[in-house]
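Understanding the architecture of this molecule
One-letter residues, chain by chain:
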Amino acid sequence: MPDKKAERPEGQMRRRPMRRRKKVCAFCADANKVLDYKDVAMNIRLLDKNDKAALEQLIYTIENALPVPEWWIPIDDIERSHFFDADWTCFLGAFNDDNELVAASALFFNEHEFAEEAEKLGLDIRSTNVAEIGRCMVHPDFRGHNLICELNKRLCSIARNRGIDTILAAAH
């Protein structure tokens, strides 16, 4: 039997064929479901006053799921009262097949939301069209599905259409 090792040029090893590992959903019961993180199969739309209870429930769930409660920045009454005011906030939400709100993210146009951060960055918010992306939330059972990325891409498009020059984003 010929020695195959002797036939190879010195220093070369035989390579095994590469096999890609399928991305499997860690959250659903179907362990064979293959995930495509670019495919957001959620209904994404602008939230309105009819979604208030669903948004409050998502906020409650997120607050209680945080490992460190201090990570959550409290929502004051002024902010909460303007969640559905188009001159103040644009809230997008992702809904699952059961029409449950599972993710949300907001674009804030009012300086009440971001004046302090803008000042720290040296931005003159009176001469620049500024908005802030914030309140990015995903229900713990739906994390890892690219939802915030998709919501925020759409919010950036909305900001461009409204003539926003600068978008602030705070990570907590």
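The sections below set out a description of the structure shown in this document. (Residues numbered from 1 in each chain as written. Predicted model: local features only at pLDDT ≥ 70, side-chain atom pairs only at ≥ 80, totals over all residues. Heavy atoms only, no water.)

1. A word on the sheet that holds strand β2 (residues 89-95)
Pairing in this open sheet of five strands is mixed, and the strands run β1-β2-β3-β4-β5 from one edge to the other. Looking at the sheet topology across the chains shown, the edges are occupied by β1 (43-46) and β5 (166-169). In this sheet, adjacent strand axes meet at a mean angle of 20° when their direction is disregarded. In terms of strand pairing, β2 meets strand β3 (residues 101-108) through seven bridges, oriented antiparallel. By the bridge assignment, F95 is partnered in β3 with L101. In the packing of helix α2 (residues 52-65) onto the sheet, the strands contacted are β2, β3 and β4 (130-138), and the crossing angle to β3 comes to about 100°. Packing against the sheet, helix α4 (residues 111-120) makes contact with β3, β4 and β5, and its axis sits at approximately 110° to β4. (Pairing = 2+ DSSP bridges. Helix = DSSP H or I, 4+ residues; strand = E, 2+ residues; numbered from the N terminus. Axes fitted to C-alpha atoms, helices over the stretch in contact; angles between N-to-C directions. Contact = heavy atoms within 4.5 Å.)

2. A word on the side chain of E79
The topology assignment puts E79 in helix α3 (residues 77-81). Discounting chain neighbours no more than four positions away, the residues touching E79 are P74, H112, E113 and R135.

3. Remarks on the state of the cysteines
Tallying each qualifying case throughout the model produces zero disulfides. Looking at C156, it has no disulfide partner, and the nearest cysteine sulfur is the one in C149, 9.5 Å off. By relative accessible area, which is 25% here, C156 ends up partly exposed. (Disulfide = S-S within 2.5 Å. Buried < 20%, exposed > 50% of the residue type's maximum accessible area, 1.4 Å probe, protein only.)

4. Considering the environment of L123
When you line up the elements, L123 lands in the loop between α4 and β4. For L123, a relative accessible area of 27% translates into the label partly exposed. For L123 and T166, which are 43 residues apart along the polypeptide, the C-alpha to C-alpha distance reads 9.3 Å. Each residue touching L123, except ones within four places of it in the same chain, is listed here: A118, T166 and L168.

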